[in-house]
Amino acid sequence: MSYIKASEAALICGGVFFGPDIKINRIWKSDSREIKPNDAFVAIKGSCVDGHMFIRDVVSRGAKLLLIDAREIEKLDINQPFFNEITFIVVEDTNKALATLAQAYLKKTTPQVIAITGSVGKTTTRELVVSVLREKYRVHGAIKSFNTIIGSSLTVLSMLPDTEILVLEFGTNRPGEISEMADFFSPDTAIITSVAAAHLEELESIEGVLKAKLEICSSTNIKNVIINGDNQLLKKNIRSCYEGNVISVGYAADASLKIVKAKMVLKDSLSSLYVEFLEGEKSLAFVSSLFGLQHAYNIGYAVSVGSLYDVSEEQLRNSLKKSRAIEGRGVLHKINDETWLIDESYNANPCSMEAALDNIANLRENYEFKSYAVLAGMKELGKESVQYHNNIIKKLDAFDKVFLLGKEWGAIDVTLNPNVLCFETYEKMLEQVKLLNISQGLILVKGSN
């Protein structure tokens, strides 16, 4: 049986348990506000908030299992009636214990593990991969952008015991983090979507980003690596850390899955992305409701995974046709008969910002739209921040009006054209935005969450 009881879990992570010896297999959460009846809660001591402050709250919400710090158990009177029927696993370090439990559960259930990393496109690729594989397998993936050791652990512990394929997302903002995740969760197949400027405050340079992303290849189970075949830095260095099966996706002539054509279409209240591929001598074509030419790569990664796991072309087509954009990552809203708002508000780095601006330029060529942008500053770019923001400014000339928000834009050293306005506060910017009378327009909103 793949179930683990609290008594066994305590032994696995070097702790003790109190209360009923219940199964730990259930939905796990670290945010007290999201707790529902029968969930498990892990109390994490963060830099700003300590989850132990909300123990009574999560019990009131229906949590039945709590993983908590040994130093905190003394502050609770767990013998009082309020804690009847509540199981506590008490450990020295809840972060470490959570990952150790997840690793043990993974070894018991033995699903195939697919892990996705990269500077852009991780979450969308994860959702596409999950959707494609669900056409044939019992698949489990994170419900949110759970791309840390804690998030991946919560994802693993929440999966059903009969899961055949687990899809994880590995993010990082420091060296060694992906290596830790690869050690705990050992993917069989890895996807590296890109290597670009992101989280440079800790990773320092593009080469630092590359080194961090390639840590995923340290998995002892790795059998396949799928990469962006147009990313020259990644393409050049992949063999330095992995000698096995490499599948490339891109426009390059030597790509394993070559993107032949990608086209965006706006019609009625919907957007469509048409992508044509060439796999050897075989032509493939798919339609998705995702917005943005960059998703041709993400669709390609999902198609490559489907091929590896024997998902049929018909199943791929059915899955991709049902795909939907994730909140804040290219969701389109029709706000009047001729105006579209493009919500890219979840995240921004130079690569994703340029892709979003290029998408607007592409649509402008095919439709008679005016174009507007509301752009927030890009975070965690370290000493290169000014240069990366300067580069974005150079791409804004063709817009009818651009609103820049945040202190990052105030540091630029290039002259702004009259169509570009810069604001330090949201309130001041909103006053100017409200003055616009937009018709037949494309409005891009792009920021860092």
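Structural notes, computed from the coordinates. (Residues numbered from 1 in each chain as written. Predicted model: local features only at pLDDT ≥ 70, side-chain atom pairs only at ≥ 80, totals over all residues. Heavy atoms only, no water.)

Another point: the overall build of the protein chain. Each helix and strand counted, the protein chain has 16 helices and 20 strands in total. Its C-alpha radius of gyration of 24 Å places the protein chain within 12% of the 22 Å reference for a compact globule of 449 residues. Looking at the protein chain residue by residue over its 449 residues, the buried ones come to 53%. If you take every contact in the protein chain between residues at least 6 apart in sequence, the share linking residues at least 24 apart comes to 62%. Per element, the accessible surface of the protein chain, about 20400 Å² overall, is 49% carbon and sulfur. Across the protein chain, the 50 positively charged side chains and the 56 negatively charged ones have centroids separated by 3 Å. (Helix = DSSP H or I, 4+ residues; strand = E, 2+ residues; numbered from the N terminus. Rg over C-alpha atoms; globule rule 2.2 N^0.38 Å. Buried < 20%, exposed > 50% of the residue type's maximum accessible area, 1.4 Å probe, protein only. Contact = heavy atoms within 4.5 Å. Areas by Shrake-Rupley, 256 points an atom, 1.4 Å probe, with all protein chains shown as cover. Lys, Arg positive; Asp, Glu negative; His and termini not counted. Charge placed at Lys NZ, Arg CZ, Asp CG, Glu CD.)

Okay, the side chain of Asn419 next. In this structure, Asn419 sits in the loop between helix 15 (407–410) and strand 19 (420–423). Asn419 sits in the buried class, given a relative accessible area of 12%. One polar contact links the side chain of Asn419 to the main-chain carbonyl oxygen of Leu396, over a distance of 3.1 Å. Among the polar contacts listed, one links the side chain of Asn419 to the backbone oxygen of Phe399, at a separation of 2.8 Å. With sequence-adjacent residues up to four places away left out, Asn419 is seen in contact with Leu396, Asp397, Phe399, Asp400, Lys401 and Val402. (Polar contact = N/O pair within 3.5 Å; in protein donor to acceptor, adjacent residues only side chain to side chain.)

On to unusual backbone geometry, then. One non-glycine residue, Glu85, lies in the positive phi region at around 70 degrees. Looking at the element boundaries, Glu85 is found in the loop between helix 3 (70–73) and strand 5 (87–91). Look at Glu85 and you get exposed, because its relative accessible area is 57%. Residues other than glycine seldom take positive phi values, yet Ser186 does so here, at roughly 35 degrees. Looking at the secondary structure, you find Ser186 in the loop between helix 7 (177–185) and strand 9 (189–192). On the basis of relative accessibility, which here comes to 13%, the residue Ser186 falls in the buried class.

What follows concerns the packing of aromatic side chains. Working definition: an aromatic ring pair is given by the centre-to-centre distance plus the angle between the planes. Here the structure, examined in full by the defined rule, presents 9 aromatic pairs. With 6.0 Å between their ring centres and 40 degrees between their planes, Phe184 and Phe185 make a pair best called tilted. On the basis of an interplanar angle of 20 degrees and a centroid distance of 5.6 Å, the ring pair of Tyr367 and Phe369 is categorised as stacked. Since its relative accessible area comes to 13%, Phe369 is described here as buried. Put simply, the rings of Phe82, Phe83 and Phe88 pair up and form one aromatic cluster. The ring of Tyr3 is capped by Lys23, whose NZ or CZ atom sits 4.1 Å from the centre of that ring. Across from the ring centre of Phe82, 4.2 Å away, lies the NZ or CZ of Arg56, which sits over that ring. (Phe/Tyr/Trp six-rings, centres within 6.5 Å; stacked < 30°, edge-to-face > 60°. Lys NZ or Arg CZ within 6 Å of the ring centre and 35° of its normal.)

Before going further, it helps to spend a moment on the pairing of strand 4 (residues 65–69). A large share of strand 4 lies buried, amounting to 5 of its 5 residues. Of the two faces of strand 4, the one lined by Leu65, Leu67 and Asp69 and the one lined by Leu66 and Ile68 are each fully buried. Here strand 3 (residues 40–42) pairs with strand 4 via 3 bridges, running parallel. Bridge pairing links Ala40 to Leu65 in strand 4. Crossover handedness for the path strand 3 to helix 2 (residues 55–61) to strand 4: right-handed. Taken together, the 5 bridges between strand 4 and strand 5 define a ladder with parallel strand orientation. By the bridge assignment for strand 5, Leu67 is matched with Ile89. (Pairing = 2+ DSSP bridges. Right-handed = clockwise from strand over helix to strand, strands pointing away.)

Let's shift gears to the pattern of salt bridges. This structure, assessed with the given rule, holds 21 salt bridges. Arg174 is paired through a salt bridge with Glu180; the nearest N and O atoms lie 3.0 Å apart. The shortest N-O distance in the salt bridge between Asp254 and Lys235 comes to 2.9 Å. Separated by 19 residues along the polypeptide, Asp254 in the loop between strand 11 (245–250) and strand 12 (257–267) and Lys235 in helix 10 (residues 232–237) bring together distant segments of the chain. (Salt bridge = Lys/Arg side-chain N within 4 Å of Asp/Glu carboxyl O.)

Attention shifts here to the packing of helix 4 (residues 94–109) against helix 6 (residues 149–157). Interaxial distance between helix 4 and helix 6 falls to 9 Å at its minimum, and their mutual angle equals 40 degrees. In terms of axis orientation, helix 4 runs oblique to helix 6. Viewed along their axes, helix 4 and helix 6 form a crossing whose handedness is left-handed. Packed against helix 4, whose contacting residues are Asn95, Leu98, Ala99, Leu101, Ala102, Tyr105 and Leu106, the element helix 6 presents Ile149, Ile150, Ser153, Leu154, Val156 and Leu157 at the interface. By residue class, the composition of the contact of helix 4 with helix 6 is 11 nonpolar, 2 polar and no charged. (Axes fitted to C-alpha atoms, helices over the stretch in contact; angles between N-to-C directions. Parallel < 35°, antiparallel > 145°, perpendicular 65-115°, else oblique. Left-handed = near helix turned anticlockwise from the far one by under 90°. Nonpolar A, V, L, I, M, F, W, Y, C, P; charged D, E, K, R; others polar.)

By secondary structure assignment, the location of Phe185 is in helix 7. Phe185 sits in the buried class, given a relative accessible area of 1%. Taking C-alpha positions, Phe185 is 42 Å from Leu442, a pair spaced 257 residues apart along the chain. Once residues lying within four places of it in the same chain are set aside, the contact partners of Phe185 are Ala102, Leu106, Val113, Ile149, Ser152, Ser153, Val156, Leu168 and Phe170.

Moving on, we get to the sheet that holds strand 3. Ordered by their spatial adjacency, 5 strands build an open sheet running 1-5-4-3-2, and the pairing between neighbours is mixed. Both edges of this open sheet fall to strand 1 (16–18) and strand 2 (28–29), since each of them pairs with a single strand only. Running over the sheet, helix 4 touches strand 2, strand 3, strand 4 and strand 5 and is turned about 135 degrees from strand 4.

Before going further, it helps to examine the sheet that holds strand 16 (residues 339–344). The 6 strands are arranged 15-16-20-17-18-19 in an open sheet whose pairing can be described as mixed. Each of the sheet's edge strands pairs with one partner strand only, and the pair in question is strand 15 (331–336) and strand 19. For this sheet the average axis-to-axis angle between neighbouring strands, irrespective of direction, equals 15 degrees. Direction of pairing for strand 18 (residues 401–405) relative to strand 19: parallel, over a ladder of 4 bridges. Bridge pairing in strand 19 places Leu405 opposite Phe423. Along the sheet, helix 16 (residues 426–433) makes contact with strand 17 (370–376), strand 18 and strand 19, crossing strand 18 at roughly 170 degrees.

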